[in-house]
Amino acid sequence: MTSPELSQLGKPVAYADQYDPGLLYPIARAPKREEIGIAGAPPFFGADLWTAYELSWLNPRGKPQVAIAHFTIPCETPNIIESKSLKLYLGSYSGTVFASADAVRDRLRADLGEAVWRGAPAPSAIGVRLLLPDAFGQEQVRELEGLSLDRLDIECTQYTPAPELLSAAFDEQPVEEVLTSNLLKSNCLVTGQPDWGSVQIRYTGPQIDQGGLLRYLVSFRNHNEFHEQCVERIFMDVWRRCRPTRLAVYARYTRRGGVDINPLRTSHPMALPANVRTARQ
């Protein structure tokens, strides 16, 4: 099993400019899921939406080509890909000749799919979409829809995850709400570098105390965990303590190294959100 501590995170490396799929470093999801009480199949659906802004290769005449890449990684894959290894892998395309953008897309799908499904059958492919320069103008900037929790004037004193801050009105009529916050911050599990994000919580059920929910989200501020793991922790804490009948947690983290990661976890099948960046991304 691969371990985060054995990855290239926080270590000086030589940047390859010739295609090398061996640079990808998968990390098993299971150990961190076990920490939050998930054994076996997770009790949620969803995916990790990645955007890579630093993708370039050479055409058959040696002329550089560029694209923005959108990746969709199902949450049922046994592995995530460590983000620095993804950056190194994408960088290895920069001096490599490919016949076409379609050839690049197919190679990305094959390599990333192998890494995230490694050690298990692959019942589905990952999604890969390349946006070429003539379509760059179509890229949008849009904030997460919902009522902002950040409007609340509250005191915050806890900066490691505190699920006890969560509560809901179980003796009142259920509600349907979409709540957002731009105050999510956690830290890289290995390097401790800050990860800044925005989060959207969409639920149906007993009304969640908004002040407590905001304090809970702020409590991740000194927590060391990867993006995907933080979102799963938030989902499970809200699911258990507030007992909604339906719940979706979606976070969009600011990019680092030309890559942003945006996990969605939901209690029920639903269409994936459009991979549209926020202003901070």
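1. Overview of the packing of helix H4 (residues 210-218) against helix H5 (residues 227-242)
Between two packed helices, both the angle of their axes relative to each other and the distance between the axes serve to describe the pair.
Right, so step 1: At a minimum axis separation of 12 Å, H4 and H5 run at an interaxial angle of 150 degrees. Relative to H5, the element H4 is oriented roughly antiparallel. Seen along the crossing, H4 lies across H5 with a hand that is right-handed. On the side of H4, the interface is formed by Leu213, Tyr216 and Leu217, while H5 contributes Arg233, Ile234, Asp237 and Val238.
Right, so step 2: Looking at the contact of H4 with H5, its residues break down into five nonpolar, no polar and two charged.

2. Some points on the nonpolar core
Right, so step 1: Counting residues in each nonpolar core, the largest one holds 32 residues, and the members touching the most others are Ile201, Leu213, Tyr216, Leu217, Ile234, Val238 and Val249.
Right, so step 2: Of all the secondary structure elements, the ones that give two or more residues to this core are strand E8 (175-187), strand E9 (194-205), H4, H5 and strand E11 (246-253).
Right, so step 3: If you tally residues by element for this core, the top one is H5, at seven residues.
Right, so step 4: In this structure, Ala69, Tyr89, Leu90 and Trp117 belong to the second largest nonpolar core, which totals 26 residues.

3. So, the pattern of salt bridges
Right, so step 1: Following the criterion strictly, the structure yields 15 salt bridges and no others.
Right, so step 2: Among the ionic pairs, Glu35 bridges to Lys32, the shortest N-O distance being 3.0 Å. Separated by three residues within a single helix, Glu35 and Lys32 lie in helix H1 (residues 30-35), roughly one turn from each other.
Right, so step 3: Here Arg33 ties to Glu232 by a salt bridge, and the two come within 2.7 Å at their closest N and O atoms. With a gap of 199 residues between them, Arg33 in helix H1 and Glu232 in helix H5 connect regions that are remote in the sequence.
Right, so step 4: The structure contains a network of salt bridges with shared partners spanning Arg29, Arg33, Asp48, Glu232 and Arg265.

Parameters and conventions
- Residues numbered from 1 in each chain as written.
- Predicted model: local features only at pLDDT ≥ 70, side-chain atom pairs only at ≥ 80, totals over all residues.
- Heavy atoms only, no water.
- Axes fitted to C-alpha atoms, helices over the stretch in contact; angles between N-to-C directions.
- Helix = DSSP H or I, 4+ residues; strand = E, 2+ residues; numbered from the N terminus.
- Parallel < 35°, antiparallel > 145°, perpendicular 65-115°, else oblique.
- Left-handed = near helix turned anticlockwise from the far one by under 90°.
- Contact = heavy atoms within 4.5 Å.
- Nonpolar A, V, L, I, M, F, W, Y, C, P; charged D, E, K, R; others polar.
- Core = buried A, V, L, I, M, F, W, Y, C linked by side-chain atoms within 4.5 Å.
- Buried < 20%, exposed > 50% of the residue type's maximum accessible area, 1.4 Å probe, protein only.
- Salt bridge = Lys/Arg side-chain N within 4 Å of Asp/Glu carboxyl O.

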